[in-house]
Amino acid sequence: EAQVTQNPRYLITVTGKKLTVTCSQNMNHEYMSWYRQDPGLGLRQIYYSMNVEVTDKGDVPEGYKVSRKEKRNFPLILESPSPNQTSLYFCASREDRVGIYGYTFGSGTRLTVV
Amino acid sequence: GESVGLHLPTLSVQEGDNSIINCAYSNSASDYFIWYKQESGKGPQFIIDIRSNMDKRQGQRVTVLLNKTVKHLSLQIAATQPGDSAVYFCAERSGGKLIFGQGTELSVKP
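The present account deals with the structure reproduced in this document. (Residues numbered from 1 in each chain as written. Chains lettered and ligands numbered in written order. Predicted model: local features only at pLDDT ≥ 70, side-chain atom pairs only at ≥ 80, totals over all residues. Heavy atoms only, no water.)

**Considerations on the environment of Glu92(B)**
Residues and elements named next belong to chain B. Our working definition: Numbering of helices and strands runs from the N terminus, with a helix taken as a DSSP run of H or I at least four residues long and a strand as a DSSP run of E at least two residues long. For every residue, the accessible area obtained with a 1.4 Å probe (protein chains only) is divided by the maximum for its type, and the residue is called buried under 20%, exposed over 50%, and partly exposed between those limits. Only heavy atoms matter for contacts: two residues are in contact if any of them lie within 4.5 Å across the pair. Residues adjacent in sequence count toward polar contacts only when both atoms are side-chain atoms; beyond that, a polar contact is any pair of N or O atoms within 3.5 Å, and within protein one must be able to donate a hydrogen and the other to accept it.
Along the polypeptide, Glu92 turns up in strand β8 (residues 86–94). Looking at Glu92, the relative accessible area reads 6%, which means it is buried. Measuring from C-alpha to C-alpha, the distance between Glu92 and Glu15 comes to 29 Å, with 77 residues separating the pair along the chain. Not counting residues within four places of it along the chain, the set of residues in contact with Glu92 comprises Tyr25, Ser26, Asn27, Ser30, Tyr32, Phe33, Lys97, Leu98 and Ile99. Among the polar contacts made by the side chain of Glu92, one reaches the side chain of Ser30 at a distance of 2.5 Å.

Structural data, given as structure tokens:
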């Protein structure tokens, strides 16, 4: 089944403790992206990657890092999480072809930083 | 499940009725628009898209209308079913990026 898989689904952590949220897609998509979703603010892009070893900042990159060493994986790293990073996170991917813009989203990771 | 839209506009319809969900977009230069459906505890799911050179596109039970004059997008769902209950987002492509609206929560009463 074609899908984007995120882990973990739920995570509670303490301020300052480094964490990584994994994202993997099995569709051979070039483009991958991370979003956070907050009440009243909708989906906001954190980072995106056009292909392996190519990453760029989205609208809210502060406090986050990403890497794209392989085509299928795009982990989101919080080096020193803070409570304002408590949110619902989504990874998404799509083909990098002209005319293809629809994303496939993962099921989400609910992060709570205390 | 989780609620991702604590302060969203809501639309409540009776099962079998038609639903119309509206969206105002921000950039008159946006050239592509998508509607997504997000059920509780799940990621957004693609429903239908439309390019800016069109004003109407139909899918299975869904129709998207685009009015560029007033920068307005609507999603019509025919014969709404309980399984249509979800949060619906519009998204516009602007400057190579997708910008998402905040969403509307659709509740279908049996």
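Further notes follow.
**Things to note about unusual backbone geometry**
Pro8(A) follows Asn7(A) through a cis peptide bond whose omega is -5°. Considering the arrangement of structural elements, one finds Pro8(A) in the loop between β1 (4–7) and β2 (10–13). Positive phi is not limited to glycine here, since Lys71(B) has a value of about 55°. Tracing the backbone through its elements, the reader meets Lys71(B) in the loop between β6 (62–67) and β7 (72–77). If you check the backbone angles, Ala79(B) has positive phi at about 50° while not being a glycine. With respect to the helices and strands, the residue Ala79(B) is situated in the loop between β7 and β8. The partly exposed category is assigned to Ala79(B), whose relative accessible area is 35%.

**Focus: the state of the cysteines**
In a disulfide, the sulfur atoms of two cysteines are covalently bonded to one another. Just so we agree on the cut-off: Two cysteine sulfur atoms form a disulfide, by the criterion used here, when they sit within 2.5 Å.
For the coordinates displayed, the defined rule picks out two disulfides over all chains. With a sulfur-sulfur separation of 1.9 Å, Cys23(A) is cross-linked through a disulfide to Cys91(A). Around the S-S axis, the bridge from Cys23(A) to Cys91(A) shows a dihedral of about -75° and counts as left-handed. You can see Cys23(A) sitting in strand β3 (residues 19–25) and its partner Cys91(A) sitting in strand β9 (residues 87–94), a full 68 residues away along the chain. The pair Cys23(A) / Cys91(A) is uniform in exposure class, with both members buried. With its sulfur 1.6 Å from that of its partner, Cys23(B) forms a disulfide with Cys90(B).

**Points about the interface of chain A and chain B**
As a reminder, the rule being used: Definition used for salt bridges: Asp or Glu carboxyl oxygen within 4 Å of a side-chain nitrogen of Lys or Arg. Basically, the charged four are Asp, Glu, Lys and Arg, the nonpolar ten are Ala, Val, Leu, Ile, Met, Phe, Trp, Tyr, Cys and Pro, and anything else, Gly included, counts as polar.
Contacts between chain A and chain B engage 22 residues on the former and 22 residues on the latter. At the junction of chain A and chain B, the tally comes to zero salt bridges. Put simply, chain A and chain B have four residue pairs in polar contact (both at pLDDT 80 or more) between them. For the side of chain A that touches chain B, the elements supplying multiple residues, two or more each, are β4 (31–38), β5 (42–51) and β9 of chain A. No other element matches β5(A), which puts three residues into the side of chain A that touches chain B. For the side of chain A that touches chain B, the per-class residue count stands at ten nonpolar, nine polar and three charged.

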